[in-house]
Amino acid sequence: MSHIVFVDLETTGLDPAKHGIVEIAAIYTIDGEPLGTQGVLVNPGSVEFTEEAEAINGFDAYKAANGLPLAEAIRTFDEPVKSHSIMAGWNVGFDYGFLRAAYELCNRKWPFSYHMLDIQSVFRFMNLCGRYKGPVSLERAAGQCGVIRTYEKAHKATSDVIWTHRLFQWAQERMRL
């Protein structure tokens, strides 16, 4: 039985040393089947906010101030995570860096396995194998595979993690022999 946690973050920039998390979304699964979904707005504290990140995800210091303090948000995200769960996501290395920094900042034990599942890499592999022909950005792949709902918006962690999980399921169906 594999405990996989699909994760997506929105951040104030690209560098975990200077920037922070403003939104965490997760889908907790066993063998890829969803057990629960969660989205948390985060107040990252005194970190740098970049104009580029704000243009992408719409978060500024004022909006982020309404989120849970980082330690509380990490505790909320962490509660359903089983020890040695596999972290999955679209370009999951980015999320890993920010989550790892947040866990260290909050003095929390890291619950994840060293294994990660990057769904973007799965799509790149499928492209090489001829099982998928198309773009490998999240929004474009989700659109091409028909997993977007009209009310869902890109660069919102909850929508992005749902698209990622749906793309994982889409890929699973096409990779079965």
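Residues numbered from 1 in each chain as written. Predicted model: local features only at pLDDT ≥ 70, side-chain atom pairs only at ≥ 80, totals over all residues. Heavy atoms only, no water.

1. What to know about the overall build of the protein
Counting its regular elements, the protein contains seven helices and six strands. In terms of overall size, the protein behaves like a compact globule, its C-alpha atoms giving a radius of gyration of 16 Å where 177 residues would be expected to give roughly 16 Å. Sorting the 177 residues of the protein into buried and exposed places 45% on the buried side. At a minimum sequence separation of 6, the contacts of the protein that also span at least 24 residues come to 66%. Looking at charge distribution, the protein has the averaged site of its 17 positive side-chain charges lying 7 Å from that of its 21 negative ones. (Helix = DSSP H or I, 4+ residues; strand = E, 2+ residues; numbered from the N terminus. Rg over C-alpha atoms; globule rule 2.2 N^0.38 Å. Buried < 20%, exposed > 50% of the residue type's maximum accessible area, 1.4 Å probe, protein only. Contact = heavy atoms within 4.5 Å. Lys, Arg positive; Asp, Glu negative; His and termini not counted. Charge placed at Lys NZ, Arg CZ, Asp CG, Glu CD.)

2. With respect to helix α6 (residues 138–145)
Those residues of α6 lying buried are Leu138, Ala141, Ala142 and Cys145. One side of α6 holds all its buried residues, which, seen down the axis, span an arc of 100°. Structurally, α6 contributes buried residues whose contacts are with α5 (119–128) and α7 (157–175). Positive backbone phi, at 75°, marks Gly146, one or two positions downstream of α6. (Arc of directions from axis to C-beta.)

3. Examining the sheet that holds strand β4 (residues 68–69)
In space, the six strands of this open sheet follow the order β4-β3-β2-β1-β5-β6, with mixed pairing throughout. Every interior strand has two partners, whereas the edge strands, β4 and β6 (112–118), have only one. In this structure, strand β1 (residues 3–11) lies alongside strand β5 (residues 85–89), joined through three bridges in parallel fashion. Of the residues in β5, the one forming a bridge with Val5 is Met87. Across the sheet, helix α4 (residues 92–105) is in contact with β1, β2 (21–30), β5 and β6; its angle to β1 comes to roughly 85°. (Pairing = 2+ DSSP bridges. Axes fitted to C-alpha atoms, helices over the stretch in contact; angles between N-to-C directions.)

4. Some details on the environment of Met126
In this structure, Met126 sits in helix α5. The class for Met126 is buried, based on a relative accessible area of 0%. Beyond its immediate chain neighbours, meaning those up to four positions away, Met126 contacts Arg131, Tyr132, Trp170, Ala171, Arg174 and Met175.

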